[in-house]
Amino acid sequence: MNDEEFEDIRKLMRLKRHETPGEGFTDSFIKEFHRRQRDVAQQQSGLERFMQMLGDKFEAFLNPKCGLAAAAAVIALVAVMLNGFNGVAPASNQPAQAVSKVEDAKKKAEDPDKLQNKPNGVAIPISDLKGSK
Amino acid sequence: MEESTLSAPAVALPVIPSEPAPGSSAAEDRDLVARAQNGDTRAFDDLIRKYTNKLYGLVYNMTSNREDTADLLQEVFAKAYRSLGRFMGKSSFYTWIYSIAVNMTLNHIKKRGRHMKVSLDDVDTGIENDPDFIAVTTAKTGVGREVNIHELQKRLNEAMMKLSEDHRTVVTLYDIQGHQHAEISRMLGVSEGTVRSRLFYAHRQLQAYLEDFIK
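Rules of the game
Residues numbered from 1 in each chain as written. Chains lettered and ligands numbered in written order. Predicted model: local features only at pLDDT ≥ 70, side-chain atom pairs only at ≥ 80, totals over all residues. Heavy atoms only, no water. Contact = heavy atoms within 4.5 Å. Buried area = accessible area lost by both parts, 1.4 Å probe. Salt bridge = Lys/Arg side-chain N within 4 Å of Asp/Glu carboxyl O. Polar contact = N/O pair within 3.5 Å; in protein donor to acceptor, adjacent residues only side chain to side chain. Helix = DSSP H or I, 4+ residues; strand = E, 2+ residues; numbered from the N terminus. Nonpolar A, V, L, I, M, F, W, Y, C, P; charged D, E, K, R; others polar. Axes fitted to C-alpha atoms, helices over the stretch in contact; angles between N-to-C directions. Parallel < 35°, antiparallel > 145°, perpendicular 65-115°, else oblique. Left-handed = near helix turned anticlockwise from the far one by under 90°. Phe/Tyr/Trp six-rings, centres within 6.5 Å; stacked < 30°, edge-to-face > 60°. Buried < 20%, exposed > 50% of the residue type's maximum accessible area, 1.4 Å probe, protein only. Lys NZ or Arg CZ within 6 Å of the ring centre and 35° of its normal. Expected span 1.5 Å × (residues − 1). pLDDT = per-residue confidence, 0-100. Patch = residues over 30% accessible without salt bridge, like charges linked within 9 Å, V, L, I, M, F, W, Y side chains within 5 Å. Areas by Shrake-Rupley, 256 points an atom, 1.4 Å probe, with all protein chains shown as cover. Core = buried A, V, L, I, M, F, W, Y, C linked by side-chain atoms within 4.5 Å. Domains from an automatic or database assignment.

## As for the interface of chain B and chain A
Between chain B and chain A, the residue contacts involve 58 residues of the former and 36 residues of the latter. Regarding the contact of chain B and chain A, the summed buried area is about 4400 Å², with carbon and sulfur atoms giving 59% of it. Scanning the region where chain B abuts chain A turns up 2 salt bridges. One can count 12 residue pairs in polar contact (both at pLDDT 80 or more) joining chain B with chain A. Within the residue set of the side of chain B that touches chain A, elements represented by two or more residues are α2 (41-63), α3 (66-83), β1 (122-123), α5 (131-137), α6 (149-162), α7 (165-176), α9 (192-209) and α10 (211-214) of chain B. Considering every element that reaches the side of chain B that touches chain A, the biggest residue donor is α3 of chain B, with 10 residues. The residue inventory of the side of chain B that touches chain A, partitioned by class, reads 28 nonpolar, 14 polar and 16 charged.

Pasting the structure below:
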């Protein structure tokens, strides 16, 4: 077991508990804490305090793992938005788009001035085709 | 005692009961936190008084620099004070403030990189009567071994500084401060398995660095 195997090392490391800051540290630490808080309150403008509060709140995003996740989310969002601008409808709109394409095709067939494709890919007006008969 | 001059933290939120904090009174902490959230600055002083030494040990053993430790600890408590209004009590105050201290210390170590300077605290006189010290300095044959305390302190700190930050953190929390695996896992936000694995590799490295002290 880890603890038994490394018991000697653990005994050595436990000796570090005897390294202490010395008597009176806590009292002087609290005095220093109050002094710093007073200074902060006097020196910081409202905007600085607001920025610090924001910094505290969103500090998690500065963590590399959270940062990666946030970056991935932003990229995904941008990709979705770009798709929207390029006119590619989401999957759920595809049937509606298919219906509108059929309607467009019908309108074209009814309009003699519209172009119709030949098998070789050269487009000529439908009226020309009628005249050639 | 000095007159408290702090202003109350922004918002007071209800404190939800959380897991007990071994070695400290969780109920007492909940009461102090609730009072501090309601603007009682003396209650926050009591929290500082209660946790300063423990957190000092954590930060000092991770940085091996007493000046940095005192400064970092001021920042840890300042941050805790600013954030106290948002502390919901989902974890104990004890776990919460330890997490803040660990994260801030790791950030500090990363910023400093290789430029970390070592400045060590004094070793208290109690070490000479510590059973672990007696065991280390006494050979198995029963013949006492000459060990200079300052040399030992220097070697222990050098060995700690050779570990990666993650390994140093678990050794500090587990071996030096005596926290349980589950507590450490909550403080660091990693699984207990990860804590055990880091401890195993850290112990193996320390064993190699301090070979001459454990033979």
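From this point, things continue past the structure.
## Here we look at the packing of α3 of chain B against helix α4 (residues 93-112) of chain B
The axes of two packed helices give the description: the angle between them and the distance between them. Residue and element names in this part refer to chain B. With their axes 10 Å apart at the nearest point, α3 and α4 run at an angle of 130° to one another. The orientation of α3 with respect to α4, classified from their angle, is oblique. Like other packed secondary-structure pairs, α3 and α4 cross with a definite hand, here right-handed. Of the residues in α4, those in contact with Asp68, Leu72, Glu75, Val76, Phe77, Lys79, Ala80 and Ser83 of α3 are Trp96, Ile97, Ile100, Ala101, Met104, Thr105, His108 and Arg112. Here the contact of α3 with α4 is composed, by residue class, of 9 nonpolar, 3 polar and 4 charged.

## Considerations on the environment of Glu192 of chain B
All names here are of chain B. As for its position among the elements, Glu192 is in helix α9. Separated by 12 residues in the primary sequence, Glu192 and Gln180 place their C-alpha atoms 9.7 Å from one another. Each residue touching Glu192, except ones within four places of it in the same chain, is listed here: His181, Ala182 and Ser185.

## Considering the packing of aromatic side chains
Residue and element names in this part refer to chain B. Applying the stated criterion across every chain, the model contains 15 aromatic pairs over all chains. Between the aromatic rings of Tyr51 and Phe93, the centroid separation amounts to 5.7 Å while the plane-to-plane angle is 55°, which identifies the pairing as tilted. Residue Tyr51 is located in helix α2, and its partner Phe93 is located in helix α4; the two are separated by 42 residues in the primary sequence. Note on Tyr51: relative accessible area 0%, which makes it buried. Owing to a relative accessible area of 3%, Phe93 belongs among the buried residues under this scheme. An aromatic cluster of three or more residues is present, and its members are Tyr51, Phe87, Phe93, Tyr94, Trp96 and Tyr98. Across from the ring centre of Tyr209, 5.0 Å away, lies the NZ or CZ of Lys162, which sits over that ring.

## Looking at unusual backbone geometry
With a phi angle near 55°, Ser64 of chain B is a residue other than glycine that sits in the positive phi range. As for its position among the elements, Ser64 of chain B is in the loop between α2 and α3.

## Section: the side chain of Arg198 of chain B
Residues and elements named next belong to chain B. Take Arg198: it is sitting in helix α9. The class of Arg198 is buried, set by a relative accessible area of 18%. For Arg198, the residues in contact, after removing those within four places along its chain, are Asp166, His167, Val170, Leu188 and Val190.

## A closer look at α3 of chain B
Residues and elements named next belong to chain B. Given a rise of 1.5 Å per residue, 18 residues ought to cover 26 Å, and the 25 Å separating the end C-alpha atoms of α3 matches this to within 8%. Residues Asp68, Thr69, Leu72, Leu73, Gln74, Val76, Phe77, Ala78, Lys79, Ala80, Tyr81 and Ser83 constitute the buried set of α3. Near the N-terminus of α3, the side chain that reaches the backbone nitrogen of Glu67, with its oxygen 3.0 Å away, is that of Asn65.

## Things to note about the confidence of the model for chain B
Interpreting fine coordinate detail is not advised for predicted regions of low pLDDT. All names here are of chain B. When pLDDT is averaged along chain B, the result is 82; 79% of the residues meet or exceed 70. Contacts for the low-pLDDT stretch residues 1-5, under 50 throughout, to residues beyond four places or in other chains number 15 contacts. The low-confidence segment residues 8-23 (pLDDT under 50) makes 45 contacts with residues lying over four places distant or belonging to another chain.

## Quick word on a nonpolar patch on the surface
A contiguous nonpolar surface patch, about 290 Å² in accessible area, is contributed by Phe50, Met51 and Met53 of chain A. Mapped onto the fold, Met51 of chain A is located in helix α4 (residues 46-57).

## Some words on the nonpolar core
Judged by nonpolar contacts, the single largest core of 45 residues is most densely connected at Phe44, Leu55, Leu58, Leu73, Phe77 and Phe93 of chain B. Taken domain by domain, the makeup of this core includes at least three residues from each of domain 1 (26-113) and domain 2 (145-214) of chain B. Within the second largest apolar cluster, 20 residues are counted, among which are Met13 of chain A together with Ile149, Ile176 and Leu210 of chain B.

## A word on the packing of α2 of chain B against α4 of chain B
All names here are of chain B. For the pair α2 and α4, interaxial distance at closest approach is 10 Å and the crossing angle is 35°. Considering the relative orientation of α2 and α4, their crossing is right-handed. Here Leu47, Tyr51, Lys54, Leu55, Leu58, Val59, Met62 and Thr63 of α2 come into contact with α4, specifically with Phe93, Tyr94, Ile97, Tyr98, Ala101, Val102, Thr105, Leu106, His108 and Ile109. Broken down by class, the residue content of the contact of α2 with α4 amounts to 14 nonpolar, 3 polar and 1 charged.

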